[in-house]
Amino acid sequence: MNPKTPVNPETSAPYITVDGAGLLCVTLLLRLRKEIDGAEPGTVVHVVATDPAAPLDLPAWCHMTGHDYLGPVPGDRPTYALRLSVDARPTRPDAPWRRAEHAFLSGRVNERRFSCAG
């Protein structure tokens, strides 16, 4: 098994840990999107996040994308868990707080905005 995806004994599912300590919302979401790219649905992701807005931003991002927000993980560092969904809605690589839309309206890409609190 890849050392990046050890087995979480609480969920018996492989997980990815994204270390976002010291990162603000925008950079945290960029790193999160990059780290989960290509991961299998059902994968549990632990996000270490020291941004005070993370407890609001991560559930909102999960709601927007269709991933399951599982909540805070007990431990020494502020960590939050989510489970990747099989029918997740893709986000833009350069702006993961925006859905990747292919519809064009009036010559502009139709985007839904996600505002990082902070």
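Residues numbered from 1 in each chain as written. Predicted model: local features only at pLDDT ≥ 70, side-chain atom pairs only at ≥ 80, totals over all residues. Heavy atoms only, no water.

1. Examining the pairing of strand 5 (residues 79-83)
Phase 1 of the analysis: The buried count for strand 5 comes to four of five residues, which makes it a mostly enclosed element.
Phase 2 of the analysis: Across five bridges, strand 3 (residues 44-49) lies against strand 5 in antiparallel orientation. In the strand pairing of strand 5, His46 is matched with Ala81.
Phase 3 of the analysis: Bridge count between strand 4 (residues 68-73) and strand 5: five bridges; the pairing is antiparallel. (Buried < 20%, exposed > 50% of the residue type's maximum accessible area, 1.4 Å probe, protein only. Helix = DSSP H or I, 4+ residues; strand = E, 2+ residues; numbered from the N terminus. Pairing = 2+ DSSP bridges.)

2. Topic: the nonpolar core
Phase 1 of the analysis: Core analysis: the biggest nonpolar cluster contains 21 residues, and Leu29, Leu32, Val45, Val47, Leu58, Trp61 and Leu82 have the highest contact counts within it.
Phase 2 of the analysis: Mapped by element, the contributors of at least two residues to this core are strand 2 (13-20), helix 1 (25-36), strand 3, helix 2 (54-65), strand 5 and strand 7 (95-99).
Phase 3 of the analysis: Those residues in contact with Leu58, other than ones at most four positions away along the chain, are Leu28, Leu29, Leu32, Val47, Tyr69 and Tyr80. (Core = buried A, V, L, I, M, F, W, Y, C linked by side-chain atoms within 4.5 Å. Contact = heavy atoms within 4.5 Å.)

3. Description of the packing of helix 1 against helix 2
Phase 1 of the analysis: It is at 11 Å that the axes of helix 1 and helix 2 come closest, and there the two elements cross at 45°. On the basis of the axis angle, helix 1 is oblique to helix 2. Considering only the axes of helix 1 and helix 2, their crossing is right-handed. For the pair formed by helix 1 and helix 2, the contact residues are Cys25, Leu28, Leu29, Leu32 and Ile36 on the first element and Asp57, Leu58 and Trp61 on the second.
Phase 2 of the analysis: Classifying every residue of the contact of helix 1 with helix 2 by side-chain character gives seven nonpolar, no polar and one charged. (Axes fitted to C-alpha atoms, helices over the stretch in contact; angles between N-to-C directions. Parallel < 35°, antiparallel > 145°, perpendicular 65-115°, else oblique. Left-handed = near helix turned anticlockwise from the far one by under 90°. Nonpolar A, V, L, I, M, F, W, Y, C, P; charged D, E, K, R; others polar.)

4. Focus on the layout of surface pockets
Phase 1 of the analysis: Of the voids in this model, the largest pocket is the one considered here, and its volume is about 270 Å³.
Phase 2 of the analysis: Class assignment for the residues of the lining of the largest pocket results in seven nonpolar, five polar and three charged. (1 Å grid on protein atoms, 1.4 Å probe; cavity = no way out; pocket = protein on both sides within 12 Å on 5 of 7 lines; lining within 4 Å. Points joined across faces, edges and corners; volume = space filled by probe spheres on them.)

5. Comments concerning the pattern of salt bridges
Phase 1 of the analysis: Going through the model one piece at a time under the given rule, you end up with two salt bridges.
Phase 2 of the analysis: Across the pair Arg77 and Asp19 runs a salt bridge, and its minimum N-O distance is 3.1 Å. Of this pair, Arg77 sits in the loop between strand 4 and strand 5 while Asp19 sits in strand 2, placing them 58 residues apart in sequence.
Phase 3 of the analysis: By relative accessible area, which is 45% here, Arg77 ends up partly exposed. (Salt bridge = Lys/Arg side-chain N within 4 Å of Asp/Glu carboxyl O.)

6. What to know about the confidence of the model for the protein
Phase 1 of the analysis: A residue-level look at the protein finds 74% of positions with pLDDT of 70 or above and a mean pLDDT of 79.
Phase 2 of the analysis: Across residues 1-7, where pLDDT falls below 50, the model places 15 contacts with residues more than four positions away in sequence or in other chains.
Phase 3 of the analysis: Counting interchain partners and residues more than four positions distant, the pLDDT-below-50 stretch residues 103-115 has 23 contacts. (pLDDT = per-residue confidence, 0-100.)

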